[in-house]
Amino acid sequence: MPTEFEPIIGLEIHAQLLTRTKIFCGCSTKFGAPPNTHGCPVCLGLPGALPVLNRSAVELGIRAAIALDCHIELESVFARKNYFYPDLPKGYQISQYELPLATGGHLSLPESGTDVGITRIHLEEDAGKSLHEGFPDSDLKSHVDFNRSGVPLIEVVTEPDMRSPTDAKVFFATLREILVSLAVNDGNMEEGSLRCDANVSVRPVGQSALGIKSEVKNLNSFRFLERAIEYEINRQIDVLKNGEQITQETRLWDASADRTLMMRSKEEAHDYRYFPEPDLPLLRITEDWVNEVRRSLPELPSARRVRLMADYGLTSKQVEQLTRVRPSLATYFEEVVEAGAPPKVAINWSLGELTRKLNEEQTDQVKVIRQRMPPVALAKLIRLVDRGTISGTIAKEVFEKMYITGESAEVIVEQDGLAQIDSVEMLAGTVNEVLKQHHDAVAQYQSGKSGAIGFLVGQVMKATRGKANPKLVNELLRKAIDR
């Protein structure tokens, strides 16, 4: 990136709220239903239908505002945002404009030391969805699905405080983590429940005035956000270097071409002809309600990471792995420890076998694992290893059987005869047989290649189906070779 120009980046993030019903009616918000089956006169904008505000949506908005250290406005106003598009059945969107739900927060990015200001958080309804492909007549017409119309959203608008695509990506990821941890949003960008628009401009280094911005719409992955901003910065710098002027416009990201494309000239607020929604009263929020929501908030991710390191002796890398992608895995880990497993062993199982199983199931939902393998059950398995009843290798085999059958570790170990072999007499014959079969490894060990002992231990473990005590096997092998 040329150093004579400075990028200026702000984000607008739309987060679908985790309510069962839409913001102004009782229609379901569930994703994946057949097209146009979640609709009613209110969300379809039929004449005479009146909206009624969903209290749960407001409460989720308050939760997000508290977490982002915003000032919550005790009085806010819904407004009509007027524009005409096929997926907007009323011809306007009910949103908030001059008097939003919350203002003036911030979110710090420890990686870069950037403190990103939050301009506002406001409530609004989502539009429907235009479908341009996937139908036999897609080359002739587009289709519209109104299931999403009226789904509740918050829009989080930042100050133009970010100076790099990486900062923007980290901000988006951090905000997603917070919203998911608060059960405000499910974080599912593939389904469109979390979307980001980036406002990007550049200016000569040292200039205080902002440049003319372009808005890149509907970026639904961290990677696309970073790449789109990087492209847009370089595009604008090239325009200025060629002596041309930046045009304020809305652009789309074309992932296949790795570039942004002109969509339309950028609208100003007056283009939407905002005015107060006549069918909804002033939204009044009491201090008591805000304080009640504040008391109900769970521990925020950043605070949780600090506590996990302090309480359990975890490394920063382990904590990042435990909390970033699947926050509920951290809860599962703590429950395993509470059930009696040593923290250092529990974290290895959480980041090892449990994570592998989640990847196999192709899900981030730890509840899928929890149903098959309750934390108490895993803790009992870990204690069997800790006591030396079974080896770590056998424990993985037992884990798989527990996951499939639902039986306890103790029952599986007893039924299958998997208890660890700790008897010198029982192992002596196997050890001698392995030594006879692998003269080369013995010779390597005797010549000073100490790693050869690992191979021999492995052969004994293989012969005993992993049931031998590896520490005892190591001792017996060394004694037999050194005789």
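Residues numbered from 1 in each chain as written. Predicted model: local features only at pLDDT ≥ 70, side-chain atom pairs only at ≥ 80, totals over all residues. Heavy atoms only, no water.

Caption draft 1: The pairing of strand E14 (residues 259-265), seen in detail. Of the pairings in the sheet, the one linking strand E13 (residues 249-254) to E14 comprises six bridges and is antiparallel in character. Following the sheet pairing, Glu249 is matched in E14 by Ser265. Hairpin connection, E13 to E14: the antiparallel pair is bridged by four residues, and Asp258 has positive phi, about 60 degrees. (Pairing = 2+ DSSP bridges. Helix = DSSP H or I, 4+ residues; strand = E, 2+ residues; numbered from the N terminus.)

Caption draft 2: Spotlight on the sheet that holds E14. A sheet is described by the order of its strands in space; here nine strands give the open sequence E2-E6-E7-E10-E1-E11-E12-E13-E14, paired in mixed fashion. What marks the edges here is a single partner per strand, and that holds for strand E2 (71-72) and E14. Pairing of E2 with strand E6 (residues 102-109), which is carried by two bridges, proceeds in the antiparallel orientation. When the sheet's bridge partners are listed, His71 is paired in E6 with Thr103. The strands touched by helix H3 (residues 222-241) are strand E1 (5-16), strand E11 (194-204), strand E12 (214-219), E13 and E14; relative to E11, the strand with the most contacts, the crossing angle is about 25 degrees. (Contact = heavy atoms within 4.5 Å. Axes fitted to C-alpha atoms, helices over the stretch in contact; angles between N-to-C directions.)

Caption draft 3: Local environment of the packing of aromatic side chains. Tallied over the full model, the rule gives seven aromatic pairs. Residues Phe172 and Phe222 carry aromatic rings whose centres are separated by 5.3 Å and whose planes lie at 85 degrees to one another, so their mutual orientation is edge-to-face. Within this pair, whereas Phe172 is found in helix H2 (residues 165-181), its partner Phe222 is found in helix H3, the two being separated by 50 residues in sequence. The buried category is assigned to Phe172, whose relative accessible area is 0%. Relative to Phe399, the ring of Trp349 lies with its centre 5.6 Å away and its plane at 45 degrees, an arrangement referred to as tilted. Here Phe399 lies in helix H11 (residues 392-405) and Trp349 lies in helix H8 (residues 343-361), a separation of 50 residues in the sequence. Residue Trp349 is classed as buried on the basis of its relative accessible area, which comes to 10%. Note on Phe399: relative accessible area 0%, which makes it buried. An aromatic cluster of three or more residues is present, and its members are Tyr83, Tyr97, Tyr272 and Tyr274. In this structure, Arg55 is placed above the aromatic ring of Trp289, and the distance from its NZ or CZ to the ring centre is 4.0 Å. Over the face of the ring belonging to Tyr403 we find Lys357, whose NZ or CZ atom lies 4.6 Å from the ring centre. (Phe/Tyr/Trp six-rings, centres within 6.5 Å; stacked < 30°, edge-to-face > 60°. Buried < 20%, exposed > 50% of the residue type's maximum accessible area, 1.4 Å probe, protein only. Lys NZ or Arg CZ within 6 Å of the ring centre and 35° of its normal.)

Caption draft 4: View of helix H6 (residues 316-323). For H6, every residue scored as buried is listed here: Gln318, Val319, Leu322 and Thr323. Here the buried residues of H6 occupy an arc of 115 degrees about the axis, which is enough to place them on one side. The secondary structure elements touched by the buried residues of H6 are H2, helix H5 (301-312), helix H7 (327-338) and H8. (Arc of directions from axis to C-beta.)

Caption draft 5: Main features of the layout of surface pockets. Its boundaries defined by the atoms lining it, the second largest pocket holds a volume of some 640 Å³. Lining the second largest pocket are 20 residues, with Arg176, Asp186, Gly187, Asp364 and Gln365 sitting closest to its centre. Among the secondary structure elements, those contributing two or more residues to the lining of the second largest pocket are H2 and H7. For the lining of the second largest pocket, a count of residues per class yields six nonpolar, nine polar and five charged. (1 Å grid on protein atoms, 1.4 Å probe; cavity = no way out; pocket = protein on both sides within 12 Å on 5 of 7 lines; lining within 4 Å. Points joined across faces, edges and corners; volume = space filled by probe spheres on them. Nonpolar A, V, L, I, M, F, W, Y, C, P; charged D, E, K, R; others polar.)

Caption draft 6: Spotlight on the environment of Ile246. Note that Ile246 resides in the loop between H3 and E13. Accessibility expressed as a relative area gives 11% for Ile246, which makes it buried. Once the C-alpha coordinates of Ile246 and Lys213 are considered, the two residues, 33 residues apart in sequence, prove to be 7.7 Å apart. Setting aside residues no more than four positions away along its own chain, Ile246 makes contact with Ile212, Ser214, Gln236, Val239 and Leu240.

Caption draft 7: The packing of helix H1 (residues 55-67) against helix H4 (residues 287-296), seen in detail. At a minimum axis separation of 10 Å, H1 and H4 run at an interaxial angle of 65 degrees. Looking at the two axes, H1 sits roughly perpendicular to H4. Judged by the sense of rotation from one axis to the other, the crossing of H1 with H4 is right-handed. Contact with H1, carried on its side by Arg55, Val58, Glu59, Ile62, Arg63 and Ile66, involves Trp289, Val290, Val293, Arg294 and Ser296 of H4 and no other residues of that element. Along the lines of polarity and charge, the residues of the contact of H1 with H4 split into six nonpolar, one polar and four charged. (Parallel < 35°, antiparallel > 145°, perpendicular 65-115°, else oblique. Left-handed = near helix turned anticlockwise from the far one by under 90°.)

Caption draft 8: Here's a closer look at H8. Between its terminal C-alpha atoms H8 stretches 25 Å, which fits the 27 Å expected from 19 residues at 1.5 Å a residue. All of the buried residues in H8 are Ala346, Ile347, Trp349, Ser350, Glu353, Leu354, Thr355, Lys357 and Leu358. Buried residues in H8 make contact with H6, H7, helix H9 (366-372), helix H10 (375-386) and H11. Just downstream of H8, Gln362 is the residue with a positive phi angle, here 55 degrees. (Expected span 1.5 Å × (residues − 1).)

Caption draft 9: Representation of the sheet that holds strand E5 (residues 92-96). Across the sheet, which stays open at both edges, the three strands sit in the order E5-E4-E15 with antiparallel pairing between neighbours. The sheet is open, and its two borders are formed by E5 and strand E15 (275-276), each paired with just one other strand. When strand E4 (residues 78-82) meets E15, the two strands line up antiparallel, connected through two bridges. Considered in E15, the bridge of Ala79 is made with Pro276.

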